[in-house]
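# A look at the structure
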Amino acid sequence: LYTEPYARAFEVGGDALEASLAAYRAAAEHAAECNLRVNAGHDLDLDNLPTFLTVPHVEEVSIGHALMARAMFVGLDAVVREYVALTGSR
């Protein structure tokens, strides 16, 4: 799932965010019904990832850009620990 639209809706919040999440949930449900694995990514970060992880069936998220950008300020070890804590080592 390409998540840039979700990230923009997250910034706006409210109805835009709810509509976006509903669309991603429907897509993930449909994929699961078709026995497809669900991966997601683009513009996911420490702020918007927890909300996105409410979408069912997501097995993997691409967070490389946000992770490396933050690592420049806090270090790789620290940012990896932040993401592991946030995701609960899913």
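This text gives an overview of the structure that appears in the document. Here the structure is a predicted model, which is why all the values come from computation and not from measurement.

### Here's the deal with a nonpolar patch on the surface
On the surface, Met-68, Leu-76, Val-80 and Val-84 cluster together into a nonpolar patch covering about 330 Å² of accessible area. Ranked by residues supplied to the nonpolar patch, first place goes to helix H5 (residues 76–87) with 3 residues. Mapped onto the elements of the fold, Val-84 is located in helix H5.

### Regarding the packing of aromatic side chains
We describe a pair of aromatic rings using the distance from one ring centre to the other and the angle between the two ring planes. Throughout the structure, instances matching the rule amount to 4 aromatic pairs. A ring pair is formed by Tyr-6 and Tyr-24, whose centres lie 6.3 Å apart and whose planes are at 85 degrees; its orientation type is edge-to-face. Linking Tyr-6 in helix H1 (residues 4–12) with Tyr-24 in helix H2 (residues 14–33), this pair joins segments that are 18 residues apart in sequence. Among the residues examined, Tyr-24 registers a relative accessible area of 10% and is labelled buried. Ring plane angle 75 degrees and centroid distance 5.5 Å describe the contact between Tyr-24 and Phe-52, whose orientation is recorded as edge-to-face. Linking Tyr-24 in helix H2 with Phe-52 in helix H3 (residues 49–52), this pair joins segments that are 28 residues apart in sequence. A network of ring pairs unites the aromatic residues Tyr-6, Phe-10, Tyr-24 and Phe-52 as a single cluster.

About the criteria used
- Residues numbered from 1 in each chain as written.
- Predicted model: local features only at pLDDT ≥ 70, side-chain atom pairs only at ≥ 80, totals over all residues.
- Heavy atoms only, no water.
- Patch = residues over 30% accessible without salt bridge, like charges linked within 9 Å, V, L, I, M, F, W, Y side chains within 5 Å.
- Areas by Shrake-Rupley, 256 points an atom, 1.4 Å probe, with all protein chains shown as cover.
- Salt bridge = Lys/Arg side-chain N within 4 Å of Asp/Glu carboxyl O.
- Helix = DSSP H or I, 4+ residues; strand = E, 2+ residues; numbered from the N terminus.
- Phe/Tyr/Trp six-rings, centres within 6.5 Å; stacked < 30°, edge-to-face > 60°.
- Buried < 20%, exposed > 50% of the residue type's maximum accessible area, 1.4 Å probe, protein only.

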